[in-house]
Amino acid sequence: ALELQFGKRYPCSKIYGDGGSDIDHILETQSALAVDLGGTNLRVAIVNMKGEMVKKFCQPNPKTYEDRMGLILKMCTDAAIQAVDLNCRILGVGVSTGGRVNPKEGLIIDSTKLIQEWSGIDIRTPISDTLHLPVWVDNDGNCAALAEKKFGHGREVEDFVTIITGTGIGGGIIQHGELIHGSTFCGAELGHITVSLDGPECKCGNRGCVEAYASGQALQREANKLHDGLYSPTQPYADLLMKEDVALKASEPATAAHLINAARLGNPNAEAVLRTAGTALGVAVVNILHTVNPSLVVLSGVLASSYLAPVKKVISQRALSSASSVTVLTSNLEDPALLGAASMVLDYATRR
Ligand code: ADP
Ligand code: BMX
Ligand code: MG
Ligand code: CA
Ligand code: ZN
């Protein structure tokens with residue numbers, strides 16, 4: 001039997017035994033359903049209070065409102081059923097989505113062409129009516145920032161910014177420990193920082209946004225230009241990309257991954273595209289440093305590691321000296337937007 005002295009502090013392991021303790025059990029079973037809607041993918045996960053992804057599902061994000069809402073409800077229902085078998089108690093649903101979101105009302109106010117038929121949408125009601133659970137919603141970049149704050153490099157950091165690269169570029173700003181949403185929920189749309197007066201067209205309808213230079217979709221567009229030999233008709237770039245990636249046939253569309261691979265193998269044209277993209281992102285980060293002066297910038301998403309060095313370089317070249325002491329890191333989280341969606345549930349549902 002355990003003898004505990006009054007007034008003395010004991011580690012949980014002493015009270016509950018090592019491993020499988022009650023506290024461990026609570027952290028492992030109390031869970032959230034997390035949804036992340038991006039320009040390409042629709043992900044649903046069961047996430048427990050330790051921030052562990054107990055189970056993850058991924059489907060292409062459908063192109064119409066009806067198909068998309070139908071698939072969200074189906075994936076959530078299926079996940080909730082699986083949660084029972086996995087011994088997870090679902091406290092609520094957290095939704096991370098591209099677009100301007102009013103989190104108080106659970107509304108998606110508007111979206112760029114990256115997600116069609118996704119403006120003026122009440123996403124909370126259909127999910128809570130179907131699953132009989134409370135629902136939290138925020139923009140995906142904002143969710144990524146919440147994940148860094150709870151589980152990542154942003155723990156105990158008062159002022160930081162995150163930039164997440166997927167199909168587009170999402171952003172989240174934590175100021176004095178809280179997200180900035182702005183006056184009409186359009187704060188921290190960091191993908192649409194303008195980095196050139198003209199430049200390539202962006203899905204938002206503008207030109208020269210950093211997203212149009214450095215997003216997954218922008219790199220894919222450039223990869224296909226190289227692949228088709230359209231970049232400069234005088235040189236056979238298409239051949240180069242094909243030789244360097246045997247899996248890519250002439251008829252197959254090139255992706256951002258092909259471009260990165262080609263650059264790694266020394267293709268000068270692919271290198272030039274990545275250099276421009278990295279510089280564009282660096283310029284955007286400098287603009288952010290001069291606006292909110294964070295102490296930390298966290299880069300996440302599939303392209304983060306490619307962008308770390310160029311972003312640091314542009315900061316050293318262009319930032320005002322008072323802003324340039326900022327730390328720049330790549331995220332160590334598996335899926336920040338999904339984790340952040342879960343954190344909205346785990347933080348609020350357990351607050352008493
Ligand atoms: P979203 O949230 O926008 O739906 P994801 O975060 O799942 O998308 O990222 C998808 C994007 O990442 C696509 O634009 C794709 O081109 C790009 N991508 C996927 N895998 C890789 C890779 N291995 N290297 C570079 N880019 C990739
Ligand atoms: C777009 C915009 C942002 C979003 C970002 C990243 C829409 C639909 N999306 O800039 O709100 O944060 O993409 O999204 O307006 P992802 O598709 O790369 O995850
Ligand atoms: Mg995304
Ligand atoms: Ca944002
Ligand atoms: Zn834009």
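Student: Sorry if this is basic, but what is going on with the overall build of the protein chain here?
Tutor: Scanning the protein chain from terminus to terminus reveals 12 helices and 13 strands. For the protein chain, long-range pairs separated by at least 24 residues make up 61% of all intrachain contacts whose partners lie at least 6 apart in sequence. Carbon and sulfur atoms make up 51% of the accessible area of the protein chain, which amounts to about 17000 Å² in all.

Student: Explanation requested: the site of ligand 2 in the structure shown.
Tutor: In the vicinity of ligand 2, 19 residues are found, and the nearest of them are Gly 39, Asp 140, Gly 168, His 192 and Glu 211. A distance of 2.7 Å separates an oxygen atom of ligand 2 from a polar backbone atom of Gly 168. His 192 is positioned such that a nitrogen or oxygen atom in its side chain is 2.7 Å from an oxygen atom of ligand 2. Bound to the protein, ligand 2 loses 95% of the 460 Å² it would expose on its own. Across the shell around ligand 2, the residue classes tally to 3 nonpolar, 12 polar and 4 charged.

Student: Help me understand the sheet that holds strand β12 (residues 296-301) in this model?
Tutor: The strand order across the open sheet formed by 5 strands is β11-β10-β9-β12-β13, and the pairing between neighbours is mixed. Strands with a single pairing partner mark the edges of an open sheet, and in this sheet they are β11 (178-179) and β13 (327-330). Relative to strand β10 (residues 169-175), strand β9 (residues 160-165) runs antiparallel, the two being bridged by 6 bridges. Across the sheet, the residue bridging to Phe 160 is Ile 174, located in β10.

Student: Would you explain the site of ligand 1 in this entry?
Tutor: Surveying the vicinity of ligand 1 reveals 13 residues, the closest of which are Gly 39, Thr 40, Asn 41, Arg 43 and Thr 167. One nitrogen or oxygen atom from the side chain of Asn 41 is found 2.7 Å from an oxygen atom belonging to ligand 1. Every element with two or more residues in the shell around ligand 1 is listed here: β2 (41-48) and α9 (256-264). Per-element accounting of the shell around ligand 1 gives the leading share, 3 residues, to α9. Residues that form the shell around ligand 1 fall into these classes: 5 nonpolar, 7 polar and 1 charged.

Student: What am I meant to see in the coordination of the calcium ion (ligand 4) here?
Tutor: Six octahedrally arranged donors around a metal ideally form angles of 90 or 180 degrees; four tetrahedrally arranged donors ideally form angles of 109.5 degrees. Protein ligation of the calcium ion (ligand 4) involves Asn 139 (OD1), Asn 142 (OD1), Gly 171 (O) and Ala 188 (O), the donor distances falling in the range 2.3 to 2.6 Å. One chain supplies every donor to the calcium ion (ligand 4), and in sequence these donors are spaced N-x2-N-x28-G-x16-A. You can see Asn 142 sitting in helix α5 (residues 140-151) and its partner Ala 188 sitting in the loop between β11 and α6 (211-214), a full 46 residues away along the chain. With relative accessibility at 3%, the residue Asn 142 sits in the buried group. Judged by its relative accessible area of 10%, Ala 188 is buried.

Student: Quick question: what am I supposed to make of unusual backbone geometry here?
Tutor: Working note: non-glycine residues mostly have negative phi, and peptide bonds are mostly trans. In this model, Glu 117 sits at a positive phi of 50°, which is unusual for a non-glycine residue. Secondary-structure assignment places Glu 117 in the loop between β6 (107-110) and β7 (121-122).

Student: Sorry if this is basic, but what is going on with the pattern of salt bridges here?
Tutor: Pairing between side chains of opposite charge can happen when the charged atoms of each approach one another. The final tally for this structure, using the stated rule, is 12 salt bridges. Lys 56 is the salt-bridge partner of Asp 335, the closest N and O atoms lying 3.0 Å from each other. One end of the pair, Asp 335, is in the loop between β13 and α12 (336-349); the other, Lys 56, is in strand β3 (residues 53-60), with 279 residues separating them in the sequence. Lys 56 gets classed as partly exposed once you look at its relative accessible area, which sits at 36%.

Student: What exactly am I supposed to notice about helix α11 (residues 304-318) here?
Tutor: Because each turn of an α-helix spans 3.6 residues, side chains separated by three or four positions end up pointing in the same direction. In this model α11 runs 20 Å from its N-terminal to its C-terminal C-alpha over 15 residues, within 8% of the 21 Å that 1.5 Å per residue would give. Its buried side turned inward, α11 meets β9, α6, α7 (216-227), α10 (268-292), β12 and β13.

Student: How should I be thinking about the pairing of β9 in this particular structure?
Tutor: Regular strands show a simple pattern: their side chains alternate between the two faces of the sheet. For β9, the tally of buried residues reaches 6 of 6 residues, placing the bulk of the element in the interior. What you see with β9 is no split at all: Phe 160, Thr 162 and Ile 164 on one side and Val 161, Ile 163 and Thr 165 on the other are buried throughout. Here β9 hands over to β10 after 3 residues, the two strands then running antiparallel side by side. Here β9 pairs with β12 via 6 bridges, running parallel. Across the sheet, residue Phe 160 finds its bridge partner in β12, namely Leu 296.

Student: Looking at this structure, how should I read the environment of Ser 251?
Tutor: As for its placement among the helices and strands, Ser 251 is situated in the loop between α8 (237-244) and α9. Look at Ser 251 and you get exposed, because its relative accessible area is 71%. It is 33 Å that separates the C-alpha atoms of Ser 251 and Thr 97, two residues lying 154 residues apart in sequence.

Rules of the game
Residues numbered from 1 in each chain as written. Chains lettered and ligands numbered in written order. Predicted model: local features only at pLDDT ≥ 70, side-chain atom pairs only at ≥ 80, totals over all residues. Heavy atoms only, no water. Helix = DSSP H or I, 4+ residues; strand = E, 2+ residues; numbered from the N terminus. Contact = heavy atoms within 4.5 Å. Areas by Shrake-Rupley, 256 points an atom, 1.4 Å probe, with all protein chains shown as cover. Near = heavy atom within 4 Å. Polar contact = N/O pair within 3.5 Å; in protein donor to acceptor, adjacent residues only side chain to side chain. Nonpolar A, V, L, I, M, F, W, Y, C, P; charged D, E, K, R; others polar. Pairing = 2+ DSSP bridges. Donors = N, O, S within 2.8 Å, 3.2 Å for Na, K, Ca; no water. Buried < 20%, exposed > 50% of the residue type's maximum accessible area, 1.4 Å probe, protein only. Salt bridge = Lys/Arg side-chain N within 4 Å of Asp/Glu carboxyl O. Expected span 1.5 Å × (residues − 1).

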